[in-house]
Amino acid sequence: MVRREVFKVAFATIVRKEVNRFVRIWPQTILPPAVSMALYFVIFGNLIGTRVGQMDGFSYIDFIAPGLIMMSVMNNAYANVVSSFFGAKFQHHVEEMLVAPIPNWVILAGYITGGVLRGLAVGVVVTAIAMCFTHLRVSSVLTIIAILLLTTVLFSLGGMVNAIYAKKFDDISIIPTFLLTPLIYLGGVFYSIDLLPPFWKAVSYANPIVYMVDAFRYGLLGTSHTHLGAAFAIITLFVIALGGYALTLLERGTGIKS
Amino acid sequence: MNALEILGLEKVYANGTHALHGINLQVAEGDFFALLGPNGAGKSTTIGIVSSLVKKTAGTIRVFGHDLTQNWFEARSLLGIVPQEINFSQFETSLEIILNQAGYYGLPRPLAMERAEKYLTQLGLWERRNDLSRTLSGGFKRRLMIARALVHEPKLLILDEPTAGVDVELRRSMWTFLRDMNRGGTTIVLTTHYLEEAESLCQHVAIIDHGRIIERTTIKELLATLPTETFVLDLDTVMESPPALPQYALRMRDRTTLEVDLARGQDMNDLFINLTHSNVRIRSMRNKSNRLEELFLSRVNRNPEPEKGNGQA
């Protein structure tokens with residue numbers, strides 16, 4: 001059989017398996033972000049938001065909606081890959097792929113696509129919830145699509161690297177808890193970085209999540225604090241670097257071969 | 001052509017354990033080959049490297065002439081692996097597991113479904129195709145691993161302790177299945193602790209100990225080197241003690257079963273004549289099944305572990 005055909009079928013198989021997995025356990029994968037999002041909108045949007053007033057010229061609930069959607073997308077893209085690949089390692093069924101005639105880049109691409117699809121699926125659900133509370137509009141469809149794809153790919157890659165290194169279940173919650181959550185919360189989801197003192201504003205620009213949230217907010221609201229081109233360049237660089245790193249780890253057999 | 005060729009295979013684990021010391025092994029196409037060895041001898045490490053699950057330190061592996069490193073696509077396509085430990089997703093059904101594995105080997109969905117039905121049926125799992133794998137019994141899980149390894153119809157099937165922990169009936173049915181596979185042209189390599197299994201199934205055997213191949217021969221030749229062979233005689237008469245025949249090593253297993261060690265050169269006809277003269281009537285006779293075991297132990301015991309750090313013998 002021609003290699004390309006084998007790789008194509010293998011890739012489709014991994015993606016199908018990943019999608020089946022997160023759809024099968026939808027109460028753990030799709031439902032929680034929907035519930036959290038509804039609570040965020042009720043508490044921060046309606047109850048607190050009305051007292052906060054305007055932010056960057058928008059009502060508070062409208063301002064935070066893009067960030068909240070992005071937060072769900074990021075968390076779920078990451079969570080999908082880290083839990084699925086670590087689960088495959090833990091139960092040893094990753095070996096099903098390692099013995100097969102498929103290269104590591106196909107395995108990586110399959111898992112990343114699974115993460116992207118879960119991120120996007122959750123994004124659709126939380127956007128639908130957001131529309132119950134806010135008047136979302138679309139400023140730039142292309143920006144929205146591009147930033148969603150790049151962000152989900154990046155966070156899926158992050159999940160893959162975490163899963164490769166993880167040796168026990170605790171290891172797959174350390175990075176999300178102690179690194180991602182602070183970066184996301186400090187990434188301009190709930191506030192405009194213009195509100196920060198100059199020093200902390202400069203520090204915030206070192207946080208790549210600021211660029212993702214800001215670019216996505218631009219796609220919806222048409223307002224941005226960062227240069228859109230710079231945002232895409234930074235995210236693309238991160239994707240290339242983390243993608244190369246994840247592939248190198250798989251090629252070396254780190255965490256999966258003795 | 002050799003189905004499997006292993007040349008100078010070395011493995012040193014990160015903790016310094018020197019698991020394989022330059023193993024050389026050839027398995028001819030169509031063979032049913034047993035790799036025997038005590039725990040920790042290097043069987044699973046060898047299988048792990050052939051399966052691409054363990055990284056080799058040095059050496060060459062060829063599968064039907066395809067180098068596993070250079071031509072990994074061709075080599076892996078020809079290989080089917082049944083590992084020792086259960087290694088499928090506990091949350092997928094038997095059918096999903098088989099279809100996924102078929103997909104990893106590039107089988108289009110309709111063909112994958114056809115093969116899944118074929119092998120799940122042959123291994124008695126078709127009725128349970130929609131059961132989650134974690135709900136299957138140990139025996140069914142073993143069969144599922146074999147079905148999974150066969151779905152792409154490999155030319156070389158490697159089984160690492162395939163019948164470990166399964167009951168006698170299932171073991172026998174798996175033997176029949178594997179014999180049929182071998183007759184159908186599939187080369188089979190198995191590691192096993194059940195030496196009766198190797199004796200019953202295999203044509204050739206290699207014994208590995210302390211990471212070295214210490215014997216590589218046919219089962220028949222190996223058994224021919226036995227200094228004695230033990231036979232079990234079921235008697236028609238009840239006896240309290242063995243007949244007085246000093247030229248034979250006789251002992252009662254129970255009051256109607258006699259065991260005799262027949263040294264090489266001793267004649268079976270003479271034994272029967274002598275027993276008849278002693279008024280012992282024999283209803284049936286069989287080999288004692290652990291004869292290969294005795295031989296295996298004698299080989300392994302005379303190969304003491306080299307001191308750590310020693311090079312290749």
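Residues numbered from 1 in each chain as written. Chains lettered and ligands numbered in written order. Predicted model: local features only at pLDDT ≥ 70, side-chain atom pairs only at ≥ 80, totals over all residues. Heavy atoms only, no water.

**Points about the overall build of chain A**
Part 1 of the reasoning: Scanning chain A from N- to C-terminus turns up 11 helices and 2 strands.
Part 2 of the reasoning: Ordered by position from the N terminus, the helices and strands of chain A form the series α-α-α-β-β-α-α-α-α-α-α-α-α.
Part 3 of the reasoning: Radius of gyration (C-alpha) of chain A: 19 Å, near the 18 Å computed for a compact globule of 258 residues.
Part 4 of the reasoning: Its C-alpha atoms give chain A principal-axis dimensions of roughly 60 × 35 × 35 Å.
Part 5 of the reasoning: Among the 258 residues that make up chain A, the fraction classed as buried is 53%. (Helix = DSSP H or I, 4+ residues; strand = E, 2+ residues; numbered from the N terminus. Rg over C-alpha atoms; globule rule 2.2 N^0.38 Å. Buried < 20%, exposed > 50% of the residue type's maximum accessible area, 1.4 Å probe, protein only.)

**Concerning the nonpolar core**
Part 1 of the reasoning: Ranked by size, the top nonpolar core spans 163 residues in total, and within it Leu68(A), Phe85(A), Ile102(A), Tyr111(A), Met160(A) and Leu156(B) carry the most contacts.
Part 2 of the reasoning: At 18 residues, the largest contribution of residues to this core is made by helix 4 (residues 60-90) of chain A.
Part 3 of the reasoning: Not counting the four nearest positions on each side in its chain, Leu68(A) is found in contact with Met37(A), Tyr40(A), Phe41(A), Val189(A) and Phe190(A).
Part 4 of the reasoning: One finds Phe231(B), Met239(B), Val260(B) and Val280(B) within the second-largest nonpolar core, a separate group that totals 14 residues. (Core = buried A, V, L, I, M, F, W, Y, C linked by side-chain atoms within 4.5 Å. Contact = heavy atoms within 4.5 Å.)

**Quick look at the pairing of strand 1 (residues 2-12) of chain B**
Residue and element names in this part refer to chain B.
Part 1 of the reasoning: Relative to strand 2 (residues 18-28), strand 1 is paired through 8 bridges, and the arrangement is antiparallel. Within strand 2, the position partnered with Glu 5 by the bridge is Gln 26.
Part 2 of the reasoning: Taken together, strand 1 and the strand that follows it, strand 2, pair antiparallel across an intervening segment of 5 residues, in which Gly 16 is found at a positive phi of about 95°.
Part 3 of the reasoning: Where strand 1 lies against strand 4 (residues 58-63), 5 bridges are found, and the strand directions are antiparallel. Within strand 4, the residue paired with Glu 5 across the bridge is Arg 62. (Pairing = 2+ DSSP bridges.)

**Observations regarding unusual backbone geometry**
Backbone phi values are negative for most residues with the exception of glycine, while trans is the configuration of most peptide bonds.
Part 1 of the reasoning: At His92(A), a residue that is not glycine, the phi angle is positive and equals roughly 70°.
Part 2 of the reasoning: In this structure, His92(A) sits in the loop between helix 4 and helix 5 (95-98).
Part 3 of the reasoning: Although it is not a glycine, His210(B) sits at a positive phi angle of roughly 50°.
Part 4 of the reasoning: Mapped onto the fold, His210(B) is located in the loop between strand 9 (204-209) and strand 10 (212-218).
Part 5 of the reasoning: Given the relative accessible area of 23%, His210(B) is considered partly exposed.

**Quick look at helix 8 (residues 171-185) of chain A**
Residue and element names in this part refer to chain A.
Part 1 of the reasoning: Along its 15 residues, helix 8 runs 21 Å from first to last C-alpha, staying within 8% of the 21 Å computed at 1.5 Å per residue.
Part 2 of the reasoning: Taking the largest bend as the criterion, helix 8 deviates by roughly 30°, centred on Thr 177.
Part 3 of the reasoning: Considered for burial, the residues of helix 8 that qualify are Asp 171, Ile 172, Leu 180 and Ile 184.
Part 4 of the reasoning: The elements touched by buried residues of helix 8 are helix 4, helix 7 (141-165) and helix 10 (208-221). (Expected span 1.5 Å × (residues − 1). Bend = angle between axes of the 7 residues up to and from the residue.)

**Considerations on the domain arrangement of chain B**
Part 1 of the reasoning: As assigned here, chain B comprises domain 1 (2-223) and domain 2 (227-287).
Part 2 of the reasoning: Measuring from the centre of the C-alpha atoms in domain 1 of chain B to the corresponding centre in domain 2 of chain B gives 40 Å. (Domains from an automatic or database assignment.)

**Some words on the side chain of Glu197(B)**
All names here are of chain B.
Part 1 of the reasoning: Counting through the fold element by element, Glu 197 comes out in helix 7 (residues 195-201).
Part 2 of the reasoning: For the buried Glu 197, which has no salt bridge, the nearest side chain bearing the opposite charge is Arg 171, at an N-O separation of 4.7 Å.
Part 3 of the reasoning: There is a polar contact of 2.7 Å between the side chain of Glu 197 and the side chain of Trp 175.
Part 4 of the reasoning: Within the local environment of Glu 197, its side chain forms a polar contact with the side chain of Thr 192, the two groups lying 2.8 Å apart.
Part 5 of the reasoning: Setting aside chain neighbours within four positions, we find Glu 197 in contact with Pro 162, Thr 163, Arg 171, Trp 175, Leu 190, Thr 192 and Cys 202. (Lys, Arg positive; Asp, Glu negative; His and termini not counted. Salt bridge = Lys/Arg side-chain N within 4 Å of Asp/Glu carboxyl O. Polar contact = N/O pair within 3.5 Å; in protein donor to acceptor, adjacent residues only side chain to side chain.)

**Thoughts on the sheet that holds strand 12 (residues 249-254) of chain B**
Residue and element names in this part refer to chain B.
Part 1 of the reasoning: Read from one edge of the open sheet, 4 strands run 12-13-11-14, paired in antiparallel fashion. A strand with exactly one partner marks an edge of an open sheet, and here the two such strands are strand 12 and strand 14 (282-287). Taken pair by pair, the neighbouring strands of this sheet meet at an average axis angle of 25°, ignoring direction.
Part 2 of the reasoning: Two elements, strand 11 (residues 228-235) and strand 13 (residues 257-263), share 7 bridges in a ladder whose sense is antiparallel. Bridge assignment links Val 232 to a residue of strand 13, and that residue is Glu 259. (Axes fitted to C-alpha atoms, helices over the stretch in contact; angles between N-to-C directions.)

**Concerning the packing of helix 1 (residues 3-24) of chain A against helix 4 of chain A**
Residue and element names in this part refer to chain A.
Part 1 of the reasoning: In the contact formed by helix 1 and helix 4, the axes pass within 11 Å of each other and the chain directions differ by 105°. For the element pair helix 1 / helix 4, the angle class is roughly perpendicular. On helix 4, the residues that touch Glu 18, Arg 21 and Phe 22 of helix 1 are Asn 80, Ser 83 and Ser 84.
Part 2 of the reasoning: Residue composition of the contact of helix 1 with helix 4, by class: 1 nonpolar, 3 polar and 2 charged. (Parallel < 35°, antiparallel > 145°, perpendicular 65-115°, else oblique. Nonpolar A, V, L, I, M, F, W, Y, C, P; charged D, E, K, R; others polar.)

**Regarding the pattern of salt bridges**
Part 1 of the reasoning: Inspection of every chain in the model, using the stated rule, returns 18 salt bridges over all chains.
Part 2 of the reasoning: Of the charged contacts, one joins Glu5(A) and Lys8(A) as a salt bridge, the two residues approaching to 3.5 Å between their closest N and O atoms. Placement of the pair is Glu5(A) and Lys8(A) together in helix 1, with a separation of 3 residues, close to one helical turn.
Part 3 of the reasoning: Assessed through its relative accessible area of 53%, Lys8(A) is described here as exposed.
Part 4 of the reasoning: In this structure, Arg183(B) and Asp180(B) form a salt bridge, with 3.2 Å as the shortest nitrogen-oxygen distance. Residue Arg183(B) and its partner Asp180(B) are located together in helix 6 (residues 168-183), separated by 3 residues, close to a single helical turn.

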